[in-house]
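Fold and geometry: a report
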Amino acid sequence: MNILVIGGAGYIGSHIVYELNDAGHKVTILDNFSTGLRENVDARAMLVEGDMQDLVLLDRLLGGNGATRSTGGTKANDGTGVAAGDIGPASAERFDSVFHFAALKAAGESMEKPEKYTSANTISTLNLLNLMVKNGIRNFVFSSSAATYGEPEYLPIDEKHPQNPINYYGYTKLAIEQAMRWYSQLKGLRYAALRYFNAAGYDVQGRIMGKEQNPANLLPIVMEVAAGTRPKMQVFGDDYPTRDGTCIRDYIHVNDLATAHVKAMEYLASEDRDLELNLATGEGYTVLEVIQEAEKVCDKPIPHDITGRRAGDPAELVATSSQALETIGWKAHHSSLRTLIESTWNVYRDDSAS
Ligand code: WQD
């Protein structure tokens, strides 16, 4: 199938682009490289450099004026790509599905700058939905989040759990999910809202080596300390009601996320029904367990200070993905703590050599 991946140069998006190409699909990436990395872009994909908030560009792309091979669209990761202005004549190759990974995701920042998240996440995605409707593209795979649930009322969290986000980032994802429900009913949109728990790890085949800049998440921060690019880290609280007092999270490997996305897209095309799925393992690891495993894998100490709690952190967030197994036949295979850390250390270890 002919697929548009918005944000296909990002941490999650780049992994899904490789998986889509591996599965034999034809992929076009739209990315503005605000956080995406050229080195992570699969050369098999066509690259359009531009911003999804450029509605003229987006409309042309969705209207069949995709970056066509006839324009001699150059290989993505040689950094030249197909500039927005180079989009060729209507290729008549409409996209069969659109994937959207281009969003802001820092929960803490969303509480300080909600207007930034309204523009980047909510408004831009609603504009995308309108242009998909205008151009007759029905299938939409959306990167949603566990953050739509808020404080867990029970564990493990299933898809029936109430959605009461406790940060504005989580609200933007919920607002988009609610709009997709209406567009499904009123305009025939077929969507998959895939709610990630804690995405982590790097491509187990080592094809994606570019690191996220200024990471806020636990695993990359632990890796920066192991590599020596960050002297020390903080553990945000050890007085939670958990087995060692630190927070428990359900870490899901990006390669597992990638297979789920491809399966979800194929389900939308064949079953003609919407999906709202948790993508998680059902296992949880504490912050200290992550640090201890990293010390073993990297064979280095991970200096850390125990500090006070971080606002908005639930003690435990673990989900069940039985719905994903039943509907799209998916379960995690690469999400053991050892693999999550080894695959990430494979990307960070060279820094420790320098
Ligand atoms: C994990 C645990 C921290 C850093 C976030 C977003 C969420 C989703 C996933 C997109 C927590 C602790 C962390 C550090 C620490 N994103 N920690 N020291 O907060 O569970 O979820 O990413 O959908 O929306 O909120 O992930 O990696 O920030 O934290 O102690 O330096 O590690 O307190 O318990 P989180 P995280």
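Residue positions are given per chain, counting from 1 as you read along its sequence in written order. Given that the model is predicted, a residue must reach a pLDDT of at least 70 before its local features are reported, and side-chain atom pairs must reach 80 or more before they are shown or counted; all residues, however, enter totals for whole chains, interfaces and linings. With hydrogens and water excluded, all non-hydrogen atoms of the structure serve as input to the side-chain values.

1. Let's talk about the site of the ligand
- Whether a residue is near a molecule or strand depends on its heavy atoms: if one lies within 4 Å, it is near. Neighbouring the ligand are 19 residues, the closest being Tyr 169, Gln 234, Arg 249, Arg 310 and Asp 313.
- Asn 217 is positioned such that a nitrogen or oxygen atom in its side chain is 3.1 Å from an oxygen atom of the ligand.
- In this structure, Gln 234 approaches the ligand through a main-chain N or O atom, which is 2.7 Å from a nitrogen atom.
- The protein chains shown are the only cover counted for residues, whose accessible areas, like all others here, come from Shrake-Rupley with a 1.4 Å probe. If the ligand stood free it would expose 690 Å²; the protein chains cover 89% of that surface.
- Per-element accounting of the shell around the ligand gives the leading share, four residues, to strand E9 (residues 233–236). Under the rule applied, a polar contact is a pair of N or O atoms within 3.5 Å (in protein, one hydrogen donor and one hydrogen acceptor; residues adjacent in sequence only if both atoms are side-chain atoms). Secondary structure elements are defined from DSSP: runs of H or I of at least 4 residues count as helices, runs of E of at least 2 residues count as strands, and each element is numbered from the N terminus.

2. Overview of the pattern of salt bridges
- We count a salt bridge whenever a side-chain nitrogen from Lys or Arg sits within 4 Å of a carboxyl oxygen from Asp or Glu. Counting across every chain of the model gives 24 salt bridges.
- The closest approach of N and O atoms between Arg 181 and Glu 276, which form a salt bridge, is 2.7 Å. On the criterion of sequence distance, the pair formed by Arg 181 in helix H5 (residues 168–187) and Glu 276 in strand E12 (residues 275–279) is long-range, its members being 95 residues apart.

3. Thoughts on the pairing of E9
- Residue exposure (1.4 Å probe, protein chains only): buried if accessible area is under 20% of the type maximum, exposed if over 50%, otherwise partly exposed. What you see with E9 is a clean split: Met 233 and Val 235 sit on the buried side and Gln 234 and Phe 236 on the side with no burial.
- The pairing criterion for strands is at least two bridges between them, as found by DSSP. Relative to strand E14 (residues 304–307), E9 is paired through four bridges, and the arrangement is parallel. Bridge pairing in E14 places Val 235 opposite Ile 306.

4. Observations concerning unusual backbone geometry
- That bond from Leu 155 to Pro 156 is cis: its omega, -10 degrees, falls within 30 degrees of zero.
- Secondary-structure assignment places Pro 156 in the loop between strand E6 (139–145) and H5.
- Look at Asp 272: it is not a glycine, yet its phi comes out positive at around 55 degrees.
- In this fold, Asp 272 is placed in the loop between helix H7 (254–271) and E12.
- Its identity as a non-glycine residue notwithstanding, Asp 299 has a phi of 55 degrees, on the positive side.
- By the element assignment, Asp 299 lies in the loop between helix H8 (287–298) and E14.

5. Concerning the nonpolar core
- Only buried Ala, Val, Leu, Ile, Met, Phe, Trp, Tyr and Cys residues count toward a nonpolar core, and they belong to the same one when joined by side-chain atoms within 4.5 Å. Counting residues in each nonpolar core, the largest one holds 68 residues, and the members touching the most others are Leu 20, Phe 99, Val 222, Val 290 and Ile 328.
- No other element matches H7, which puts nine residues into this core.

6. A short note on the confidence of the model for the chain
- Scored from 0 to 100, pLDDT records how confident the predictor is in each individual residue. With 92% of its residues at a pLDDT of 70 or more, the chain has an overall mean of 92.
- Any two residues whose heavy atoms approach within 4.5 Å at even a single point are treated as in contact. Predicted confidence is poor over residues 66–77, with pLDDT under 50, and the contacts of this stretch with residues over four places away or in other chains come to 39 contacts.

7. Side note on the pairing of strand E1 (residues 2–6)
- With respect to burial, E1 is a largely interior element, five of its five residues being buried.
- Burial along E1 is two-sided: Asn 2, Leu 4 and Ile 6 and Ile 3 and Val 5, pointing in opposite directions, are all buried.
- Pairing analysis gives five bridges linking E1 to strand E2 (residues 26–31), with the strands arranged parallel. Along E2, the bridge assignment pairs Ile 3 with Val 27.

8. Some details on the packing of aromatic side chains
- Side-chain rings of Phe, Tyr and Trp (the six-membered ring for Trp) are treated as a pair once their centres are within 6.5 Å; stacked means planes under 30 degrees apart, edge-to-face means over 60, and tilted covers the remaining angles. With the rule as written, the count across this model stands at five aromatic pairs.
- Relative to Phe 101, the ring of Phe 99 lies with its centre 6.2 Å away and its plane at 35 degrees, an arrangement referred to as tilted.
- A relative accessible area of 0% places Phe 99 in the buried class.
- For Phe 101, a relative accessible area of 13% translates into the label buried.
- Across from the ring centre of Phe 33, 4.3 Å away, lies the NZ or CZ of Arg 38, which sits over that ring. In this scheme, the term charge over a ring applies when either NZ of a lysine or CZ of an arginine sits within 6 Å of the ring centre and within 35 degrees of the ring normal.

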